[in-house]
Amino acid sequence: MPSDHIIITPYSYDQAEMVQQMKALMQQQLMPNAWQWLQEKAAQLNIQGSNALAVAFAAMPRKVGKAIVDISAESAAAFAAIRPHFTINQWSIDRLCRVWLLLQLNTDDEAVYVRRIETLFPAAEMNELVALYSALPLLAYPEAWRGRCAEGIRSNIGPVLEAIICNNPYPSEQLPDGAWNQLVLKAFFTEKRIDQIIGLDRRANESLANTLIDFARERRAAAREVPPMLWRCVALFINAENLRDVEGALYSTETSERAAAALALSQSSLPEAKALLQKNSELSTEIHSGALSWKGLAARMAGE
Amino acid sequence: MCCHTIDEESLQRGEKWPLYKEQIAGMQFFDPHVHMTSRTTDDYQAMADAGVVALIEPAFWLGQPRTGLDTFRDYYSSLIGWERFRASQFGIKHYCTIGLNSREANNEALAEQVMEILPLFVYKEGVVGVGEIGFDDQTAAEEKYYRLQLELAKEAGLPVQIHTPHRDKKKGTTRSMDIALEHGLDPRMVIVDHNNEETVKEVLDRGFWAAFTIYPFTKMGNERMVDVVKQYGPERIMVNSAADWGISDPLAVPKTAALMKERGISVEDIRLVTYQNAVTAFAQSGQIEESDFSSVKSIDQSQKFAGNTVLRGGQAPRVDKDSVFIR
């Protein structure tokens, strides 16, 4: 017999606490009538035959506006404490309210729950898709959204991709290697902030590194720039065969690419890689002193 | 929508852009009826260059009938999704109206299903009305779905964009307005489209907005349009291109503005009929912020660097068309 004291939830984190955090923030930012409207819709959400989900989800910006949510450092930390790597930094209020709305759905029947959320995707406009994909790390039954997430990576709409790729902990936790590698490749092709991919280093793999080396060669052949952060994904897989590609990057005309190549070499256990880095004493020294790091390089590239 | 035979002569280039460009330098235009789904990036680029800052894409007939609900759903979804995003890449703010067009209302089995999904779309962000709806052949089925959609618009508090028929236009226009009033719609919430010299007076007299489509061969020419504005003044009149998959001109609004300027219509009146009146009419949806017209440009810039889409990796947003090099 299961113990009465153990509450089994289909969420991977403390969902009740998350809802409380969101509610506190929403009450601060919403006009009383908008908050009331939202409460009413939430109350109708799980009634059989109600269209409250579709209507409230679509009409959200009409009711709550689109202002950027003002969030304190403490509040941001609280979100990340409840759900690791989850952030609502720079979210608009309609996005927050939409995600909150999804967290009000009854999860008793997995099939019904999944179908109700899946129904929203095919009819969603851009901002709705952004909200839906940013909700993935908070939804119940985490494994149920793998296919949807992989499908989202095929989008060509920038903000939608960004919601999946950047600061979203879901993909690295749930995607199989194939879809994960697609996500990273797509991030490079569409020039997303690579340093904002959660789990980038943890999910590094040889297959991805090989594809990225091919990509780097294509770019060189076409006399186009090679994205410096590419070398971060290659670092642990530097071998005799691709060392010359890293060497090419180390002598690139682009400062960022030289720095990235040096950082990659410093992470490699290949003796030839160590030797190559030694030849560039300036970058080598910067790395050892801590003056040059992936984090610092990413910030510099983003103009921060 | 037209079917014109293309011959050698009609393929010759007409008056070149620079000849009227100076006339409209610095002006801003709002094209409240243009089917961008059928147009290329060259058109977006030309429209942006000519001063079109925002537009409305009404849901319409795609040139051949759809056979299932899913293609309707995907079409509506593309109007609020991909097409809106594509426009933003050129710094143009894209709105749409959502509705079941009159031709396809005649497939009643399908029309029933479409009516069921319309409420899911009309409440979406940036949907500024129910449209284009109304009559084509003036059948009973067309009337039925026109009425149902007027009710939908009323419930959602949205303006209505009425397509008036090509054939039996005058009667069709009158009938469209009669029915709208019968359903209790405020004429100020109804934009009657595709007017001509024969219909405009009644539309204005009854308090509706009168839209004119500048479309070669089958609808208004812009010289006639100038005369209409001279005769009726700028109040509640707006100009659009209705550019689509037929031989049409996405620069119809700026070109008409240039012609108005040349023929002595005041700059303020031109602003009203090529920008402000359409903004005022459709802003009754609560979905149009004029400040968005300029912010879409800055969003475009950031998205360019964040990297997207019609722009492939590292691609510049503009191509120099006169350069022989393609890089």
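Residues numbered from 1 in each chain as written. Chains lettered and ligands numbered in written order. Predicted model: local features only at pLDDT ≥ 70, side-chain atom pairs only at ≥ 80, totals over all residues. Heavy atoms only, no water.

Some words on the overall build of chain A
The helix and strand tally for chain A stands at 18 helices and zero strands. Principal-axis analysis of the C-alpha atoms places the extent of chain A at approximately 70 × 40 × 40 Å. Within chain A, the proportion of its 304 residues that are buried is 53%. The long-range fraction of contacts in chain A, counting pairs at least 24 apart against all pairs at least 6 apart in sequence, stands at 71%. (Helix = DSSP H or I, 4+ residues; strand = E, 2+ residues; numbered from the N terminus. Buried < 20%, exposed > 50% of the residue type's maximum accessible area, 1.4 Å probe, protein only. Contact = heavy atoms within 4.5 Å.)

Comments concerning the overall build of chain B
Per the secondary structure count, chain B includes 14 helices and eight strands. Out of the 327 residues in chain B, the part that is buried amounts to 57%. Surface accessibility of chain B: about 13,700 Å² in total, with carbon and sulfur atoms responsible for 51%. (Areas by Shrake-Rupley, 256 points an atom, 1.4 Å probe, with all protein chains shown as cover.)

Remarks on the side chain of S176(B)
Residues and elements named next belong to chain B. Assignment of secondary structure puts S176 in helix α9 (residues 169-182). For S176, the side chain forms a polar contact with the main-chain oxygen of G172, separated by 2.7 Å. Once you skip the residues sitting within four places of it in the chain, S176 turns out to touch F135, Y146 and I162. (Polar contact = N/O pair within 3.5 Å; in protein donor to acceptor, adjacent residues only side chain to side chain.)

Quick word on the packing of aromatic side chains
Scanning the model with the defined rule gives 20 aromatic pairs over all chains in all. Geometrically, the ring pair formed by F86(A) and W91(A) is edge-to-face, given 5.6 Å between the ring centres and 85 degrees between the ring planes. Side by side, F86(A) and W91(A) carry an identical accessibility label, which is buried. Seen from their ring centres, F135(B) and Y146(B) are 5.6 Å apart, and the 55 degrees between their planes marks the pair as tilted. Here F135(B), found in the loop between β4 (127-134) and α8 (140-156), pairs with Y146(B), found in helix α8; they are eleven residues apart in sequence, far enough to count as distant. The same class applies to F135(B) and to Y146(B), which are both buried. Taken together, F30(B), Y95(B), Y275(B) and F293(B) form an aromatic cluster joined through their ring pairs. Taking the ring centre of Y75(B) as reference, the NZ or CZ of R66(B) above it sits at 4.7 Å. A cation over an aromatic ring shows up here: K219(B) above the ring of Y215(B), its NZ or CZ 4.7 Å from the ring centre. (Phe/Tyr/Trp six-rings, centres within 6.5 Å; stacked < 30°, edge-to-face > 60°. Lys NZ or Arg CZ within 6 Å of the ring centre and 35° of its normal.)

Let's talk about the nonpolar core
Core analysis: the biggest nonpolar cluster contains 194 residues, and M22(A), L102(A), Y113(A), W231(A), Y76(B) and M225(B) have the highest contact counts within it. Leave out the neighbours within four places in its chain, and M225(B) touches F212(B), I214(B), M220(B), I237(B), V239(B), T256(B) and M260(B). F30(B), A54(B), W209(B) and M238(B) belong to the second largest nonpolar core, which has 17 residues in total. (Core = buried A, V, L, I, M, F, W, Y, C linked by side-chain atoms within 4.5 Å.)

A word on unusual backbone geometry
Put simply, G131(B) and E132(B) share a cis peptide bond, and its omega is -15 degrees. For E132(B), the position within the fold is in strand β4. For Q90(A), which is not glycine, the phi dihedral falls at a positive 70 degrees. Here Q90(A) lies in the loop between α4 (73-82) and α5 (93-102). Relative accessible area serves as the criterion here: at 56%, Q90(A) is assigned to the exposed category. Even without being a glycine, D168(B) presents a positive backbone phi close to 55 degrees. Judged by relative accessible area, which is 42%, D168(B) ranks as partly exposed.

Let's talk about the sheet that holds strand β5 (residues 160-163) of chain B
Each strand in a sheet pairs with its neighbour through backbone hydrogen bonds, running either in the same direction (parallel) or in the opposite one (antiparallel). Residues and elements named next belong to chain B. Reading across from one edge, β1-β2-β3-β4-β5-β6-β7-β8 is the order of the eight strands in this open sheet, with parallel pairing throughout. Among the strands making up the open sheet, the edge pair consists of β1 (29-31) and β8 (237-240). Strand-to-strand twist of the sheet, defined as the mean angle between neighbouring strand axes without regard to direction, takes the value 25 degrees. With three bridges connecting them, β5 and strand β6 (residues 190-192) associate as parallel partners. Pairing of V160 across the sheet is with V190, part of β6. Strands β2 (52-58), β3 (93-98) and β4 of the sheet are contacted by helix α4 (residues 69-80), whose axis makes an angle of about 150 degrees with β3. (Pairing = 2+ DSSP bridges. Axes fitted to C-alpha atoms, helices over the stretch in contact; angles between N-to-C directions.)

Observations concerning helix α3 (residues 41-49) of chain B
If you check which residues of α3(B) are buried, you get D43(B), Y44(B), Q45(B) and M47(B). The positive-phi residue at the C-terminal boundary of α3(B) is G51(B), with phi of around 100 degrees.

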